[in-house]
Structure formats: structure tokens, C-alpha cells
Amino acid sequence: MKVLIVGGVAGGASAAARLRRLDEKAQIIVFERGEYVSFANCGLPYYIGGEIAEKGDLTLQTPASFKARFNVDVRVNSEVIAVHPVQKKVSVRTAQGDYEEEYDKLILSPGAAPAVPPIPGTDLEGVFTLRNIPDTEKIKEYVEQHQPKTACIVGAGYIGLELAENLMALGLQVTVAEMADHVIAPLDYDMACDVHTYARKKGLNLILGAGVEGIAPKAQGGLEVALTGGTVEAEMVILSVGVRPDTALAKEAGLACNARGAILVDDRMRTSIEDIYAVGDAIEIVNFVTGEKGYVPLAGPANKQGRIAADNICGLESRYKGTQGSSVLKLFDMTVAMTGVNEKSAQAAGLNYDKVYTFSASHAAYYPGGHGMSIKTLYEKGTGRILGAQIVGFDGVDKRCDVLATAIRAGMTAYDLTELELCYAPPFGSAKDPVNFVGYVIENTLTGKVKNFFWNDVKNLPRDGSVQLLDVRTASERKRGFIEGFMHIPVDELRERAQAELDPSKPVYVHCHSGLRSYIACRMLAGMGYDCYNLSGGWRLYDSVMNDHRAKDHGCYDPK
């Protein structure tokens, strides 16, 4: 059997290695149009910033190492320019000339290309995109040779923010301009607000709701970036507005693609043409939670898809069960992680969902060095099945999101989360882990022990006396900020003051700092006959969203 693979990096390289492990006699050839067949593209921003010191550390495999370990024929600087499905051949272009290669099976792993907005100035000196090691070298060389003081990054996704951090580490003043109203598209706006506040506190000039309209050279040097509502001057510009499937080759070969250009495949990674498979950032995926078609270019799924394509070529029963979009981002010392669906995608899919916000310490509150993490969890009404989670914090964010990602993949419910026995010692967690707390809070909601309202409901609450608005934080907390119209009774005084100051015939809407003490207050008042609602996420989330402010980092376990 002769298998040709077009493209290396994640999907193609994984397919090649798996093929060899399954079939020692197969002839395997990998074509890579660039110089590098397998490299850590997720590490490129960190090489620019110097966190990764050696360029060689980005190279995971070379043609020589692939040949030595896997007996795979890797041909770099070899671009496949045409696929001929009827003849089962590909046309290859090299510096030495063109030639054809026959195949029994073909795997396409061309990846994605940076999306370049259709605006003037994208071809100017000092304007870059970032996809591969040569792009990285161009940016790094420009910084070293021209010593720019300022940079503008267009787009506040993963790569854009990672680049911003790393350029700031080199001493540049960095502006990030984002067309949407928040950074990191998979995050919901309310969860992104903490990121906005933190990034600006670290010195990043973040401009939201600003699409790029053009780039022009300045007479005195440098560049001017025209945005909706203003301009930004910078000595270099990096376009980081997303990616598109790099599938011109597939389209010309007659493979079925969707409107976005992604190659259509089945769960065995087979395309619309027999004996041709496709994997990685070039393909359409099925969302694991919603079952809908989509496009999610991530390294983890690409590696799995390469393995599955190889399995099926070798006759194994192996199927891809969908992408849930688990991802994590480091921004200075902050960690942002997400998995499953967000509210926008849940609404678009028509899911019957609800949500809770929790705020937990990364480890035992009495052990030094802990930080709070804000968690938003979406779940299915009625069943409590976990649909999605977003976490913003510092230590321990990634491992909690990994647990929730596993829960989603396993079809677990909030009730299951309450029963998870997770590792605990004071430096690493709490006896009641943040994931357990998510389960407890959803369980309390599902079983009617608490009714929630949310930050965006606050403005619509009547101020005419028909409902009662109650803040149960301490006096010192309230001095740092409060919601207009909410009366104040600290939770520890509520039992003594409730009957005298609250009307049991009117609903009570309660908030504290994070939602824990207000839940206790709701249970207390419910036992006295009051109808109560708890502000999920509490004052700290409301303050973050409404006032662009990150409240003092404490939970209801240590009010100060």
C-alpha cells in the first residue's frame, strides 16, 4: 500500500506516524511545501518574545528523524499543486521541477491560512501575519533590526493576545484592536470582562468594537491603522483576524466543501471522493454538544483526526465523535479556558439550557498564594447534563476546565460533579473542589432550593417597592461599591432583622460578593416564608461587566 500525505504539522504528521505503527510495509510519503514538516505552531508567539529561546525547539520532527524512526519519506519544499482522483496521482512542484506521484490512499492535511481582510495596506513593509516558522522569523528579524517601540495587533483571539504579551515582554507598547465587543470569540462577553480589565491593568491598550479599515504609511515613518471610530499609529502591524481553510487544492480536485471552504468528511475522515481522506484545520467538524456542523481549528482535534484516518486506511474501526472546542490561553499570569458551548452557540442551536456562575479559590483559602477563579457553566434544563464551561482566573484553571471537558465528553450531569473525588491538598485545591461546587450550585437550582437571577436582569428589577432588593455583604464591602436601590442587611444579622425590615408578601432579590452568602440568605429567608432570588455570580461579576472593574479577589468564604 502506498499512502501520500499532503501537509505535515499536526494532522499529517500524526497520520504518518500512526500508519507506520499499524503497517510496517506501507510506503508513506509526506509532502510539505515549506521547509518544516512538523513544528509547534502554538509556540510561535513565545519564540518571538524570547520565552522559547531556540528556534530548533519549535521543530518536533525533521525529515531525517521521521525517516530514522518511522521510515517515512518526508519531502519538504515540495508543493502538491494538483490532485487527479481518477488517475490516483498528485502533481508535485519543487525547485528542481515538477513530477507526478501515484497513490493508493491520499490524506489531505493542508491546514489553515491566515485570513487577511480586504483592506488597503496589507502588503506594506512592517505588516505581518503569523502562520508558520518563516512568518515568525520575519517578525522576529523586523523587531531586532528596526527596534520598533509600538505595535498594533488587529484581532484579539488566541494568537493576537499571545503576540501582544510577547511583544510587550520585548518592551513594545502594544495596541490590540478587536472588531467584536470582547476578546476571545469562544468566551461569552460577561466572562471576557475580567480579561479586559486585567489586560488593561497590565498595560495593554485594548480597543474593542473597532474594525480595521485600512493601513497607510506615514510620511515621517511608521504606519497608521484606520479603525472604525479612530486611528492608531504604530511602527509595525500584525493581522490576527482568524484563519480560513487552505483548501484550493481540494476544491480544484472536485472534493465537496462547505460555504466556508472546509472539506466535508464523514466520521472516518473520508472525503466525497473514494480513497481520499482529510484532517485538521482544513475540514468541517461536527460539534460534539450540539451535533451541528462547524469549523474549529485546534491542534488536539487535528492530531486525533490524523490517527483516525490512519486507522481506517489500515482497516480498523475508528470514528471521530466530534469537536467540543476545549482550549486554554495564557495572558501574562492569567489563565482563560473554555470547553463545550457558550451561550451564543447554545442559543443558536436552540438548546434548552440554563447557567450558573461560581467563584472559587484555586486552593484552600488558608494556604498562601491562592487566587479566585470565575466559572460559568451551562447545563441542560431538567437533566443537569453539562453543556459548556468557561473559566477565568490564575492557578488551577486548566485542570478544572479539563475535568469539565471530560464531564461533557462522558455525558455527565451536575449530580455526577457533586460525587467526583478529586485530588486535594491545601497547596493544590480544596476539600470541596471548584468543580464540586459547580455541581452543588446546579443541583440546588434543579431541585428548587434556590432561584437565580443574573447581572443583565438587575437593570429591569422594579424600584417601585413591588419587590425587595437586598445586599447581604459586610459594611466594608459595600463601601467599595453597591448596586443602586439595594438595601443593606449583612447576612449574619439577617435572622434578627428580617421580620422587622422585610415584607414576606413581596419577592426578595439578594446579592453578595460571589453568590454563596446570598444563597445562604435565600435559604434562611425561604425558611421564614419569603420568596427569594439569588444573584448568580454576585457583585463581583456585576461590577466586572457593568463597571469594567475587577473586584478585590476574595470569595464569600473570607469577606473583608
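See the structure above.
Computed from a prediction, not measured in an experiment: that's the story for all the values here.

**A short note on a nonpolar patch on the surface**
Here's step 1: Taken together, Tyr366, Tyr367 and Tyr424 make up a surface patch of nonpolar side chains, about 360 Å² in accessible area.
Here's step 2: Within the fold, tyrosine 424 resides in the loop between α11 (414–419) and α12 (434–446).
Here's step 3: For tyrosine 424, a relative accessible area of 40% corresponds to the partly exposed category.

**Quick look at the sheet that holds strand β17 (residues 230–234)**
Here's step 1: Strands sit in the order β15-β16-β17 across an open sheet of 3 strands; the sheet is antiparallel. Strands at the two margins of the open sheet, each flanked by one partner only, are β15 (212–217) and β17. The mean inter-strand angle of the sheet, taken between neighbouring strand axes irrespective of direction, is 20°.
Here's step 2: Pairing of strand β16 (residues 223–227) with β17, which is carried by 5 bridges, proceeds in the antiparallel orientation. Bridge assignment links alanine 226 to a residue of β17, and that residue is threonine 231.

**As for the nonpolar core**
Here's step 1: With 61 residues, the main nonpolar core has Leu167, Val174, Met236 and Val336 as its most contacted residues.
Here's step 2: Sequence-distant contacts of methionine 236, that is, excluding residues within four places in its chain, are made with Gly126, Phe128, Ile139, Tyr142, Val143, Pro148, Thr150, Ala151, Cys152, Leu172 and Leu223.
Here's step 3: The next biggest cluster of nonpolar side chains, apart from the first, holds 47 residues, and it includes Leu19, Val83, Ala282 and Ile285.

**Considering the pattern of salt bridges**
Here's step 1: Across all of its chains, the model carries 30 salt bridges by this definition.
Here's step 2: Here aspartate 311 and arginine 18 are joined by a salt bridge, their closest N and O atoms 2.7 Å apart. Of this pair, aspartate 311 sits in helix α8 (residues 299–313) while arginine 18 sits in helix α1 (residues 11–22), and the two are 293 residues apart along the sequence. Side by side, aspartate 311 and arginine 18 carry an identical accessibility label, which is buried.
Here's step 3: Between arginine 319 and aspartate 267 there is a salt bridge whose closest N-O contact spans 3.1 Å. Of this pair, arginine 319 sits in the loop between α8 and β23 (327–331) while aspartate 267 is found in the loop between α7 (248–252) and β20 (276–278), placing the two residues 52 residues apart along the sequence.
Here's step 4: The class for arginine 319 is partly exposed, based on a relative accessible area of 37%.
Here's step 5: Within this structure, Asp188, Asp190, Glu343, Lys355 and Lys376 form a network of salt bridges that share partners.

**Here we look at the packing of α1 against α8**
Here's step 1: Orientation of α1 relative to α8, taken along the N-to-C sense of each, is 35°, at an axis distance of 7 Å. Our pair here, α1 against α8, has a crossing hand that is right-handed. Together, Gly11, Ser14, Ala15, Arg18, Leu19, Arg21 and Leu22 of α1 and Ala302, Asn303, Gly306, Arg307, Ala310, Asp311 and Ile313 of α8 make up the contact between the two elements.
Here's step 2: When the residues that make up the contact of α1 with α8 are grouped by side-chain class, the tally is 6 nonpolar, 4 polar and 4 charged.

**Considerations on the layout of surface pockets**
Here's step 1: Estimated volume of the second largest pocket: approximately 560 Å³.
Here's step 2: For the second largest pocket, the lining is made up of 27 residues, of which Phe359, Ser360, Phe437, Val441 and Leu516 are closest to its centre.
Here's step 3: Breaking the lining of the second largest pocket down by element, the ones donating at least two residues are β25 (353–361), α12 and α15 (516–527).
Here's step 4: Of the residues assigned to the lining of the second largest pocket, the class counts are 15 nonpolar, 11 polar and 1 charged.

**Quick notes on the packing of helix α6 (residues 189–201) against helix α16 (residues 538–547)**
Here's step 1: At their nearest, the axes of α6 and α16 sit 8 Å apart, and the two run at 75° to each other. In terms of orientation, α6 lies roughly perpendicular with respect to α16. Each of Tyr189, Asp190, Cys193 and Asp194 in α6 lies in contact with α16, whose residues at this interface are Arg540, Leu541, Ser544 and Val545.
Here's step 2: Of the residues in the contact of α6 with α16, the class split is 4 nonpolar, 1 polar and 3 charged.

**Structural notes on α16**
Here's step 1: Buried residues dominate α16, accounting for 8 of its 10 residues.
Here's step 2: Among the residues of α16, those classed as buried are Gly538, Trp539, Arg540, Leu541, Tyr542, Asp543, Ser544 and Val545.
Here's step 3: Contacts made by the buried residues of α16 are with α6, β25, β26 (372–380), β31 (508–511) and β32 (532–535).

**Comments concerning the pairing of strand β9 (residues 105–108)**
Here's step 1: Here β9 shows no split at all, with Lys105 and Ile107 on one side and Leu106 and Leu108 on the other all buried.
Here's step 2: Here strand β1 (residues 2–6) runs beside β9; their pairing, made up of 4 bridges, is parallel. Across the sheet, residue valine 3 finds its bridge partner in β9, namely lysine 105.
Here's step 3: Pairing geometry for β9 and β20, over 3 bridges, is parallel. Considered in β20, the bridge of isoleucine 107 is made with tyrosine 277.

**Side note on empty space enclosed by the protein**
Here's step 1: Counting across every chain of the model gives 2 cavities of 30 Å³ or more.
Here's step 2: For the largest cavity, the calculated volume is near 40 Å³.
Here's step 3: Contributing to the lining of the largest cavity are Gly280, Asp281, Ile283, Ile285, Tyr295, Val296, Pro297, Leu298, Pro301, Ala302 and Gln305.
Here's step 4: Here the lining of the largest cavity takes 3 residues from α8, the largest share from any one element.
Here's step 5: Counted by class, the lining of the largest cavity contains 8 nonpolar, 2 polar and 1 charged residues.
Here's step 6: Counted as a void, the second largest cavity has a volume near 30 Å³.
Here's step 7: Surrounding the second largest cavity, Tyr357, Thr358, Phe359, Ser374, Gly537, Arg540 and Leu541 form its lining.

**Examining α6**
Here's step 1: For α6, built from 13 residues, the straight-helix expectation of 18 Å at 1.5 Å per residue is met to within 8% by its first-to-last C-alpha distance of 18 Å.
Here's step 2: Most of α6 is tucked away: 10 of the 13 residues are buried.
Here's step 3: Within the sequence span of α6, burial applies to Asp190, Met191, Ala192, Cys193, Asp194, Val195, His196, Thr197, Tyr198 and Ala199.
Here's step 4: Once α6 finishes, glycine 203 follows within two positions and takes phi at roughly 105°, a positive value.

**So, the packing of aromatic side chains**
Aromatic rings considered in pairs are described by the distance between their centres and by the relative angle of their planes.
Here's step 1: Following the criterion strictly, the structure yields 9 aromatic pairs and no others.
Here's step 2: A centroid spacing of 5.2 Å and a plane angle of 70° characterise the contact between phenylalanine 128 and tyrosine 142, whose relative ring orientation is edge-to-face. Of this pair, phenylalanine 128 sits in strand β11 (residues 127–128) while tyrosine 142 is found in helix α4 (residues 133–146), placing the two residues 14 residues apart along the sequence. Both residues of the pair, phenylalanine 128 and tyrosine 142, count as buried.
Here's step 3: Ring centres of tyrosine 509 and tyrosine 533 lie 4.7 Å apart, and the angle between their planes is 10°; on these two criteria the pair is classed as stacked. Highlighted residues: tyrosine 509 in strand β31 and tyrosine 533 in strand β32, separated in sequence by 24 residues.

Calculation notes
- Residues numbered from 1 in each chain as written.
- Predicted model: local features only at pLDDT ≥ 70, side-chain atom pairs only at ≥ 80, totals over all residues.
- Heavy atoms only, no water.
- Patch = residues over 30% accessible without salt bridge, like charges linked within 9 Å, V, L, I, M, F, W, Y side chains within 5 Å.
- Areas by Shrake-Rupley, 256 points an atom, 1.4 Å probe, with all protein chains shown as cover.
- Salt bridge = Lys/Arg side-chain N within 4 Å of Asp/Glu carboxyl O.
- Helix = DSSP H or I, 4+ residues; strand = E, 2+ residues; numbered from the N terminus.
- Buried < 20%, exposed > 50% of the residue type's maximum accessible area, 1.4 Å probe, protein only.
- Pairing = 2+ DSSP bridges.
- Axes fitted to C-alpha atoms, helices over the stretch in contact; angles between N-to-C directions.
- Core = buried A, V, L, I, M, F, W, Y, C linked by side-chain atoms within 4.5 Å.
- Contact = heavy atoms within 4.5 Å.
- Left-handed = near helix turned anticlockwise from the far one by under 90°.
- Nonpolar A, V, L, I, M, F, W, Y, C, P; charged D, E, K, R; others polar.
- 1 Å grid on protein atoms, 1.4 Å probe; cavity = no way out; pocket = protein on both sides within 12 Å on 5 of 7 lines; lining within 4 Å.
- Points joined across faces, edges and corners; volume = space filled by probe spheres on them.
- Parallel < 35°, antiparallel > 145°, perpendicular 65-115°, else oblique.
- Expected span 1.5 Å × (residues − 1).
- Phe/Tyr/Trp six-rings, centres within 6.5 Å; stacked < 30°, edge-to-face > 60°.

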